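Residues per chain, in single letters:
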Amino acid sequence: MGSQERKTRAERAGDAGRAWARVAGFALERGGGLGEFWRFMASSPELPVDPYAPRPNIFERFGHRLAAAAVFVSTVVLTVISFPPFKTPEFAYAMLVPGILWAYRKPGFKLFAGTLLAAQAVAWTIMLAWLHHVTWAGLLLLGPIVGAWVGGWFLAAWWTMPRMVDRPAFTRMAAMVGLAGLWVVIEWTRTWFLTGFPWLPLAVSQWERSSVLQIAAYTGAWGISFVLVAINIGFSAMAHSLFSGQGGWNFRRPEFLLALFMLMACVSIQVQETFQRGRYAVPLARVAFVQPYIPQTLKWDPAAGRSILDTLQSTTAAAAATRPDLILWPEASTPWAVQGDTNMQAFVETLARQANVPLLLGSIAVENNDQPDELWLNAAFVVDPVAGVQTEYYAKRHLVPFGEYVPLRPLLGWLSKIVPVGDDDFSPGEDSSPLVMSLPNGPITVGPLICYEDIFPTLARYSTLAGSDVLVVLTNNAWYGEGGAAHQHAAHAVLRAVETRRPVLRCGNGGWSGWIDEFGAVRATVLNDAGSIYFRGTRTIDVTRDARWAERNSFYVEHGDWFVIASAIAAALAYGALTLGAEKPRRRVAA
């Protein structure tokens, strides 16, 4: 220490001493003695400052705000990269950890709620960014709404985590199971909230990791989400043990061990179901997937109708040259209605006859044409090369709000639907009966799902209960450009395959098209020479099915969403355990 520094410190000490002396002298002059001195010190608006007193650092002064910023950024990043199109599903095992760990610290409710709800709103707006190709207003409205709905789970975590500390192991495990169950209940409400938009449940993050998906055959996709949330809580319990100085990385934490057991249970089902699977594979059909890749700007333009038919004719001829058993076209592939327009019906019948192969295609059905009770339906048709268009067709059951119809029409009648077809709203179908097709290996029953119907587990389940041998998804993702929408959408079909134990064939206007087997494994994806799903063309795939699941339903198909009910009960029991088992504050007894 230099002489100048010693002098500076001495001067500071002298200044402080003189300041205290002046205060003491002033108090004594008032004749109050030491009592007056201390009263003066307590009431003085400007007390002397000790120059040697430690000053708070930036973390002590702004710790809450810095923690909020760190949790916000990490939650947004981890949430986004856990889901497709990113290929990093392992982050889903930790995407809730920042918020859960922060909840352990008992932050203020307003700061915690604002941070996590905002993080989810931003994350979901990013994940749904492809929606801007249709409507910026819809994106900026839907992203925050879904984010806030999902983010509401963190408010329960804020209440729960501090109450788990120092509680018995059974209570902590019950709380973990309850929180995981609450997540499942919130995901289930998204199947009907705002007419239903269960896009990207947590289980979707694992669509390329079939080893953890097999539990869905028993619990539905809800079970996968449940396990992922439990693992997040288990990791958080270990991290809290380390950072709070309560035992370091304690791998024997009951919460972590229970979550690990759940994960091992999922993997054990995978081993059991897939052991010697090749022995049970039997041919289903040789299927040609046609991607006409018609731009959405042209799809409903009458002037482009002739060129669209030429594209369908050329791609179908190329598909027929590969000698398939069945040719698939995507949703609403024809520019005019197959049911209700005789010229359009004749066109598809001619193509089927020339190819000598049945067609399964998406198009429009018009019932009671030019009548007051005229109905427009988004439909799927079977075109036999000999008999022509079958009279029985499938009509889409769950329509897209504002896309195919305007909800609350009496109040929102001034709005128009996005699909510029028909003068009025589309009508929903009500029948889940499959379509029957005659193929070389024998007749099969096909359960169509149109557009985003495959994000609703109940629709696929009903189609399977009705007797479908295979599920076929006909869709048109050209609305949403070449961003993440196609991969996000396809990921849901993987869950439907595992839940129902049925092969899923998926045909898109420009991708994603391919085959998913009964165990959620993507067996084939339609790609061009550059490895892209976005192209105009065709590919033929030899599809098999597992003989063990032919004409046999999974536990989930037979019993439905029982796991949602169990999750709600678990959440209620956890609340009771944390509330009833809490210590009551002791009353002070007057002396």
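Residues numbered from 1 in each chain as written. Predicted model: local features only at pLDDT ≥ 70, side-chain atom pairs only at ≥ 80, totals over all residues. Heavy atoms only, no water.

So, the pattern of salt bridges
Taken as a whole and judged by the stated rule, the model has 12 salt bridges. Arg209 is the partner of Glu90 in a salt bridge, and the nearest nitrogen-oxygen pair spans 2.9 Å. With Glu90 in the loop between helix H3 (58–82) and helix H4 (97–104) and Arg209 in the loop between helix H7 (169–189) and helix H8 (216–219), the pair connects residues that are 119 residues apart, well separated along the chain. Arg548 is paired through a salt bridge with Asp546; the nearest N and O atoms lie 2.8 Å apart. Among the residues examined, Arg548 registers a relative accessible area of 24% and is labelled partly exposed. Salt bridges sharing partners connect three or more residues here, namely Arg172, Arg253 and Glu255. (Salt bridge = Lys/Arg side-chain N within 4 Å of Asp/Glu carboxyl O. Helix = DSSP H or I, 4+ residues; strand = E, 2+ residues; numbered from the N terminus. Buried < 20%, exposed > 50% of the residue type's maximum accessible area, 1.4 Å probe, protein only.)

Some remarks on the confidence of the model for the protein
Of the residues in the protein, 83% reach a pLDDT of 70 or more, and the chain-wide mean stands at 87. Counting interchain partners and residues more than four positions distant, the pLDDT-below-50 stretch residues 1–7 has 2 contacts. (pLDDT = per-residue confidence, 0-100. Contact = heavy atoms within 4.5 Å.)

Considering the sheet that holds strand S10 (residues 504–508)
One open sheet accounts for 6 strands, arranged S7-S8-S9-S10-S11-S12; its pairing is mixed. On the outer flanks of this sheet lie strand S7 (435–439) and strand S12 (522–525), each paired with one strand and no other. Put simply, the sheet's adjacent strands are angled 25° from each other on average, direction ignored. Bridging between strand S8 (residues 442–450) and strand S9 (residues 470–475) involves 5 bridges; their strand directions are parallel. Bridging from a neighbouring strand, Pro448 pairs with Val472 of S9. (Pairing = 2+ DSSP bridges. Axes fitted to C-alpha atoms, helices over the stretch in contact; angles between N-to-C directions.)

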